[in-house]
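Analysis of the macromolecular model
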Amino acid sequence: MYDPARSPDWWAGIGSVTTGGDTGDFTMFPDGYPDFPMPQTLETSQESGSVKISCLVSDLHFDWRLRPWGAGSGTEISVHVEIPDSEAHRLSAQHDIIRQSLIRLASLAAAAP
């Protein structure tokens, strides 16, 4: 989760990612829209288990968290999303994307050694 280049592995709806560039920390390209760049800022803290991603196009903010769960044998995955009023029409779609992304992250975590 800390490596933006791996976002397409777990974040539903992301077709590809490029790192670096002039704007933001990395750029997402939505699935099916390879010519629609969406620059993002990234703030990570492995100490607190957080990955904060902010879209510079639509002003959506995602705060992903990983925390130890149970007796240290599992991981709790959570996300807090802020959507501005101007993007409220995307709320339902974002619910679906987040649900799918959480399932993908859990599958990757379960498969990790």
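Residues numbered from 1 in each chain as written. Predicted model: local features only at pLDDT ≥ 70, side-chain atom pairs only at ≥ 80, totals over all residues. Heavy atoms only, no water.

Turning next to the sheet that holds strand 2 (residues 26-30). Overall, antiparallel pairing links the 6 strands, which are arranged 1-2-3-4-5-6 in an open sheet. The sheet terminates laterally at strand 1 (14-19) and strand 6 (74-82), the two strands that pair on one side only. If you compare each strand with its neighbour and ignore which way they point, the axes differ by 25° on average. The pairing of strand 2 with strand 3 (residues 38-45) spans 3 bridges and is antiparallel. Pairing of Phe-26 across the sheet is with Gln-40, part of strand 3. (Pairing = 2+ DSSP bridges. Helix = DSSP H or I, 4+ residues; strand = E, 2+ residues; numbered from the N terminus. Axes fitted to C-alpha atoms, helices over the stretch in contact; angles between N-to-C directions.)

Right, let's get into the packing of aromatic side chains. Across all of its chains, the model carries 4 aromatic pairs by this definition. Judged by centre distance (5.3 Å) and plane angle (25°), the rings of Trp-10 and Trp-11 are stacked. Residue class for Trp-11 comes out buried when judged on its relative accessible area of 3%. Ring geometry for Trp-11 and Phe-62: centres 4.9 Å apart, planes at 80°, overall edge-to-face. Of the two residues, Trp-11 is situated in the loop between helix 1 (7-10) and strand 1 and Phe-62 in strand 5 (residues 61-69); the sequence distance between them amounts to 51 residues. Clustering of aromatic rings is evident, with ring pairs tying together Trp-10, Trp-11, Phe-62 and Trp-64. (Phe/Tyr/Trp six-rings, centres within 6.5 Å; stacked < 30°, edge-to-face > 60°. Buried < 20%, exposed > 50% of the residue type's maximum accessible area, 1.4 Å probe, protein only.)

Keep in mind these numbers describe shape, not what the thing actually does.
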